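Now for the letters of each chain:
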Amino acid sequence: MTDQNHDDKTERNLKKVQSKTAWAEKKRRTLADLQPQDPARVRLPPGQTWANRGWPVLDLGDQPLIAAKDWQLAVDGAVQNPLSLTFDDFMDLPHVEIERDFHCVTTWSTQDNRWSGVRFSELMDRVLPADDATHVMLTGFDRAPDTGEFYTTNLTLKDCLEDEVMLVHAWNGEPLSREHGGPVRLMVPKLYAWKSAKWLKGITLMTADAPGYWEVRGYSMTARPWDNDRFSRGPSNS
């Protein structure tokens with residue numbers, strides 16, 4: 001890639017970030033009055049619509065190409081036994097398949113997705129979180145166009161330990177594609193999709209909460225769709 005093409009791509013990706021940040025500022029007002037719903041009674045969260053065509057693709061403009069043989073995952077931080085996994089190590093762990101919907105903060109949702117992978121709790125059984133571990137920071141292989149940092153997002157450890165939270169490698173019976181975060185991404189069906197980090201490279205347990213990439217830019221720290229919990233109260237959670 002020439003320097004000019006690289007600069008053009010970086011500029012396009014910066015515009016994507018700026019557009020999503022501006023969207024948050026606009027929708028903070030227009031979606032603010034939606035009332036919370038009970039997920040046990042209402043399948044579609046407030047403000048969402050079912051996607052008409054497949055599974056839309058949203059990212060920072062960086063879609064890293066990572067062969068399964070080259071993929072590695074580090075699990076570290078507030079744990080007793082830090083862990084590094086290759087893809088073969090990952091595939092040797094107990095696997096499950098679940099069917100869940102998927103909800104993007106940009107107001108689309110997809111139905112009846114079949115996810116195949118390893119429960120987050122399986123990894124925690126091996127690394128043994130410290131007694132004071134409360135939160136998790138996920139890190140992806142994709143990089144932000146404005147800072148060059150790896151993508152990050154935060155979650156509570158309690159949310160991550162629920163049975164439906166998985167590191168997934170397949171969707172609807174097919175290997176997870178590059179544009180959707182393959183070879184491995186996290187899947188947290190009960191939260192907005194930006195919390196389900198693509199191209200997963202790191203899981204760091206923390207003893208306090210901290211904002212990730214979009215959380216610093218005005219998106220919610222907790223991201224609960226049925227509470228219409230899309231944005232922070234102010235321009236930044238930091």
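Structural data are supplied above this passage.
Remember, predicted model here, so these are calculated numbers, not experimental data.

Student: When you look at the environment of Asn-81 in this model, what are you seeing that I'm missing?
Tutor: As for its position among the elements, Asn-81 is in the loop between strand S2 (72–77) and strand S3 (83–86). Assessed through its relative accessible area of 34%, Asn-81 is described here as partly exposed. Remark: the alpha-carbon pair of Asn-81 and Leu-128, spanning 47 residues in sequence, is separated by 6.4 Å. With residues up to four places along the chain from it excluded, the contact list for Asn-81 reads Arg-126, Val-127 and Leu-128.

Student: Can you walk me through the nonpolar core in this structure?
Tutor: The nonpolar side chains of soluble globular proteins are, as a tendency, buried together. Leu-73, Phe-120, Leu-123, Leu-167, Ile-203 and Leu-205 are the most contacted members of the largest nonpolar core, which totals 44 residues. Of all the elements in the fold, those that place two or more residues in this core are S2, helix H2 (87–91), helix H3 (120–127), strand S6 (135–143), strand S7 (150–156), helix H4 (157–160), strand S11 (200–206) and helix H5 (213–216). Looking at which element gives the most residues to this core, the answer is H3, with four residues. Setting aside chain neighbours within four positions, we find Ile-203 in contact with Leu-73, Ala-74, Val-75, Asp-76, Phe-120, Leu-123, Val-136, Met-137, Leu-138 and Leu-167. Grouped together as the second largest cluster of nonpolar side chains are eleven residues, Trp-55, Phe-102, Trp-115 and Met-166 included.

Student: Teacher, can you tell me more about the pattern of salt bridges here?
Tutor: Side chains that differ in sign of charge can pair as their charged atoms come close. Summed over all chains, the structure comprises twelve salt bridges. A salt bridge links Glu-97 to Arg-114, with the shortest nitrogen-to-oxygen separation between them at 3.6 Å. Taken together, the residues Glu-97 in strand S4 (residues 96–103) and Arg-114 in strand S5 (residues 108–119) connect sequence positions 17 residues apart. The partner of Glu-162 in a salt bridge is Lys-190, and the shortest N-O contact between them spans 2.9 Å. Linking Glu-162 in the loop between H4 and strand S8 (166–171) with Lys-190 in the loop between strand S10 (185–187) and S11, this pair joins segments that are 28 residues apart in sequence. Here Lys-190 falls in the partly exposed class, since its relative accessible area comes to 22%.

Reading guide: rules and limits
Residues numbered from 1 in each chain as written. Predicted model: local features only at pLDDT ≥ 70, side-chain atom pairs only at ≥ 80, totals over all residues. Heavy atoms only, no water. Helix = DSSP H or I, 4+ residues; strand = E, 2+ residues; numbered from the N terminus. Buried < 20%, exposed > 50% of the residue type's maximum accessible area, 1.4 Å probe, protein only. Contact = heavy atoms within 4.5 Å. Core = buried A, V, L, I, M, F, W, Y, C linked by side-chain atoms within 4.5 Å. Salt bridge = Lys/Arg side-chain N within 4 Å of Asp/Glu carboxyl O.

Note that every value here comes from positions in space, so none of it alone points to a role or purpose.
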